[in-house]
Amino acid sequence: MNALGGPDSPFIVLIPVLDDWPSVAAVLAGLDDVFAKRRWRGSALIVDDGSVEKPTPLEFQPRGLRGVEVLRLTRNLGHQRAICVGLCHVEKNHPGCAVIVMDGDGQDSPADVPVLVSDFDRAAKRQVVFAGRSKRPEGVTFKAFYWLYRLLHRLLTGRAIRVGNFSVLPADAVGAVTSSPEAWSHYAAAVHQCRLPISVVNIPRAQRLHGPPRMNFVALVTHGLSAITVFGDIVSVRLLIAAGLAGVGGALLVLAMWLLPAATGAPLPSGAVWMTILAVAFLMQLNVGALVVGFLIHHGRRTASVIPKRDFESFVADFGSWDDLRASRRQRTGRGT
């Protein structure tokens, strides 16, 4: 296959993977068919996020994709950081290419890529186009916790979020994302934080192609916290405002508890002194806690530990074709295909 990028490849499809090679191989076959039918020019970049298993053979002859390359990381960094490293690699080695970001498990269907690209073209290739998740295939329990996460995200950040990684990123926007420390935590939230122009197209999430879903409760909580921390400055201010309002409300309730008996002649509630002391102590802790959180978040933003476009190469082990990766895995494991 031809090398990745260049004038013959206006699109690069970026797919992170962790030991899900059969699904990724099927997704690549679907992408190749989509690109061939529409005569698009494009290549695929697979970010191997510390996989242990060896890649599955590609059982198709490429007609649309001009290259399938693999960027292997030194260790497992997590889904969001794998995307971030991939974007940094594209920016440095293949400038001028728009990036289609998608998962490799099949839930981001290759058949839906033309929907995103059509909206991308209508916006003159200037907007980041996300797939809005109008429907999810997971079970009731997962959907309930996901709904709670979205509610918490809205309360803490003031922003409604209903998108995942599936998106088209303009070439001019890649540098903005890779310059953002927030991209190291969460790709979609970093795009919002960069204030890039965004449009959302409602696309139902598809079914996984192989194996059970890997997004369990712990992974959902981790993913949700990563998204919320990107808006840490907003969260700290909203927490401080909420604590202040709670303090005012608590003070009014305590005042009413003492003044109403005097005004109505009713006896003072038993334990009123202890209730007042406990209420004051709780409200003081609430406000001090919110203030401390705010200071810590703002101090952390001044001392960002990772700048993706500066530091990403420290996490790259090697780069080559899909077949090269399979050959190197055979040599390391001593097994044939």
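Structure report, in brief.

What counts and how
- Residues numbered from 1 in each chain as written.
- Predicted model: local features only at pLDDT ≥ 70, side-chain atom pairs only at ≥ 80, totals over all residues.
- Heavy atoms only, no water.
- Buried < 20%, exposed > 50% of the residue type's maximum accessible area, 1.4 Å probe, protein only.
- Helix = DSSP H or I, 4+ residues; strand = E, 2+ residues; numbered from the N terminus.
- Right-handed = clockwise from strand over helix to strand, strands pointing away.
- Pairing = 2+ DSSP bridges.
- Phe/Tyr/Trp six-rings, centres within 6.5 Å; stacked < 30°, edge-to-face > 60°.
- Lys NZ or Arg CZ within 6 Å of the ring centre and 35° of its normal.
- Salt bridge = Lys/Arg side-chain N within 4 Å of Asp/Glu carboxyl O.
- Axes fitted to C-alpha atoms, helices over the stretch in contact; angles between N-to-C directions.
- Parallel < 35°, antiparallel > 145°, perpendicular 65-115°, else oblique.
- Left-handed = near helix turned anticlockwise from the far one by under 90°.
- Contact = heavy atoms within 4.5 Å.
- Nonpolar A, V, L, I, M, F, W, Y, C, P; charged D, E, K, R; others polar.

Below, the discussion takes up helix H3 (residues 113–122). Where H3 is concerned, the buried positions are Val113, Pro114, Leu116, Val117, Asp119 and Phe120. Looking one or two residues beyond H3, the residue adopting positive phi is Ala124, at roughly 60 degrees.

The phi angle at Arg39 is positive, at roughly 55 degrees, despite the residue not being glycine. Tracing the backbone shows Arg39 in the loop between helix H1 (21–38) and strand S2 (42–48). Positive phi outside glycine occurs at Arg195, with the angle close to 60 degrees. Secondary-structure assignment places Arg195 in the loop between helix H6 (187–193) and strand S7 (198–202). A residue is classified by how much of its surface remains accessible, and Arg195, at 69% relative accessible area, is exposed.

Across the 7 residues of strand S1 (residues 11–17), 7 count as buried, placing the element largely inside the fold. Burial along S1 is two-sided: the residues Phe11, Val13, Ile15 and Val17 and Ile12, Leu14 and Pro16 are all buried. As a crossover connection, the stretch from S1 through H1 into S2 is right-handed. Pairing geometry for S1 and strand S4 (residues 98–101), over 4 bridges, is parallel. For Leu14, the partnering residue across the bridge sits in S4 and is Val101.

Our focus in this paragraph is the packing of aromatic side chains. Scanning all chains against the criterion turns up 5 aromatic pairs. Geometrically, the ring pair formed by Phe11 and Phe120 is tilted, given 6.3 Å between the ring centres and 55 degrees between the ring planes. In this pair, Phe11 sits in strand S1 while Phe120 sits in helix H3, placing the two residues 109 residues apart along the sequence. In terms of burial, Phe11 and Phe120 fall into one category: buried. Taking the centre distance of 6.0 Å and the plane angle of 50 degrees together, the rings of Phe130 and Tyr187 count as tilted. In this pair, Phe130 is assigned in strand S5 (residues 128–132) and Tyr187 in helix H6, connecting sequence segments 57 residues apart. Seen from the ring of Trp40, Arg38 lies directly overhead, with NZ or CZ sitting 6.0 Å from the centre.

On to the pattern of salt bridges, then. For the structure shown, the criterion picks out 13 salt bridges. Note that Asp105 is salt-bridged to Arg208, the shortest N-O span being 3.4 Å. Of the two residues, Asp105 sits in the loop between S4 and H3 while Arg208 sits in the loop between S7 and helix H7 (217–230), which places them 103 residues apart along the sequence. Each member of the pair, Asp105 together with Arg208, is buried. Among the ionic contacts, a cluster of salt bridges with common partners joins Asp20, Asp105 and Arg208.

Attention now moves to the packing of helix H2 (residues 79–93) against helix H5 (residues 171–178). Where H2 contacts H5, the axes come no closer than 9 Å and their chain directions differ by 125 degrees. Classified by the interaxial angle, the pair formed by H2 and H5 is oblique. The chirality of how H2 crosses H5 is left-handed. Two secondary-structure elements touch here, H2 through Leu87, Cys88 and Glu91 and H5 through Val174, Gly175, Val177 and Thr178. Broken down by class, the residue content of the contact of H2 with H5 amounts to 4 nonpolar, 2 polar and 1 charged.

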